[in-house]
Amino acid sequence: GIGALRQIAPEKPLKVVKHYASSSKAPLKIRHFKDSRCQRTEFFDPSFAFDNANGSRWMAAEGDTLQTWMVADLGVVKPIKRSELYFVRPTAGHAYTLEGSTDGINWEKCGGHDNIEKRSPHTDILDKQYRYLRVSIQDGIAGIWEWKMY
C-alpha cells in the first residue's frame, strides 16, 4: 500500500493511576547458557500491563486459577470509549469478563465473552463513564502483556 490517504490523529490512551491484581507470579530467574555472567530475573508486576513495553507483562501466581483478576483505577470517573486487552499467548485463546465501577464497590458487566476466542487485542466498546475497570480471566493463560483504555 501507499499509506494513509489522510492524516489521522493518534488516540491517546487513558492514564491508569493505580492497579492491583488477585496475585502476581513470583520472580523467575532465567537460566543462563554457556556464560554465567548473563544473569537475568524476570518480574511479573501488575504495573507491567500499563507500561507500553513489549518486553514486560503481568502474570498471575501459579495457584491463582479460580478468580484471576486485575483492576485499573483511572483516579476519577472518566468517559471510556473502549478497552483493549492484549493477553499472554493469544493464539491459545481467552475467555474473560470486563466490569466497570464508579466507586470500586458496585460493579456492572460491560464487556468480555464466555467462549474462548483467539485474537489480539480483545476489544470491548464501552461508551460509559467509570473510574475502575476490572478484568477477570475465566479461561486461558492468566497474564496480560498490555491493557489500554481510550
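To be clear, the structure that these remarks concern was listed above.
Residues numbered from 1 in each chain as written. Predicted model: local features only at pLDDT ≥ 70, side-chain atom pairs only at ≥ 80, totals over all residues. Heavy atoms only, no water.

1. Let's talk about the overall build of the protein chain
Then, in step 1: Within the protein chain, the secondary structure is distributed over 0 helices and 9 strands.
Then, in step 2: In sequence order, the secondary structure elements of the protein chain are arranged as β-β-β-β-β-β-β-β-β.
Then, in step 3: Along the longest, intermediate and shortest principal axes, the C-alpha atoms of the protein chain span 50 × 50 × 30 Å.
Then, in step 4: A fraction of 73% describes how many contacts in the protein chain between residues 6 or more apart in sequence connect residues 24 or more apart.
Then, in step 5: About 9,300 Å² of surface is accessible on the protein chain, with carbon and sulfur atoms providing 52% of the total. (Helix = DSSP H or I, 4+ residues; strand = E, 2+ residues; numbered from the N terminus. Contact = heavy atoms within 4.5 Å. Areas by Shrake-Rupley, 256 points an atom, 1.4 Å probe, with all protein chains shown as cover.)

2. Remarks on the pattern of salt bridges
Then, in step 1: Under the defined criterion, the tally for this structure stands at 9 salt bridges.
Then, in step 2: A salt bridge links R57 to E42, with the shortest nitrogen-to-oxygen separation between them at 2.5 Å. Of this pair, R57 sits in the loop between β3 (40-42) and β4 (58-59) while E42 sits in strand β3, and the two are 15 residues apart along the sequence. Per residue, the accessibility class of R57 equals that of E42, and both read buried.
Then, in step 3: Put simply, K128 and E108 hold a salt bridge, and the shortest N to O gap is 3.2 Å. Here K128 is found in strand β8 (residues 122-139), whereas its partner E108 is found in strand β7 (residues 108-117), with 20 residues between them in sequence.
Then, in step 4: We classify E108 as partly exposed; its relative accessible area is 35%.
Then, in step 5: Connected through shared salt-bridge partners, E11, K81, R82 and E84 make up one network. (Salt bridge = Lys/Arg side-chain N within 4 Å of Asp/Glu carboxyl O. Buried < 20%, exposed > 50% of the residue type's maximum accessible area, 1.4 Å probe, protein only.)

3. Some points on the packing of aromatic side chains
Then, in step 1: According to the stated counting rule, one finds 4 aromatic pairs in the structure shown.
Then, in step 2: When the ring of F50 is compared with that of W147, the centres are 5.8 Å apart and the planes differ by 35°; the resulting orientation is tilted. Here the residue F50 occupies a position in the loop between β3 and β4, and W147 occupies one in strand β9 (residues 143-149), the gap between them amounting to 97 residues. Comparing F50 with W147, the two get one shared label, buried.
Then, in step 3: Each ring, one from F87 and one from Y96, has its centre 5.4 Å from the other, and the planes form 55°; the classification is tilted. (Phe/Tyr/Trp six-rings, centres within 6.5 Å; stacked < 30°, edge-to-face > 60°.)

In short, shape yes, function no, at least from these values alone.
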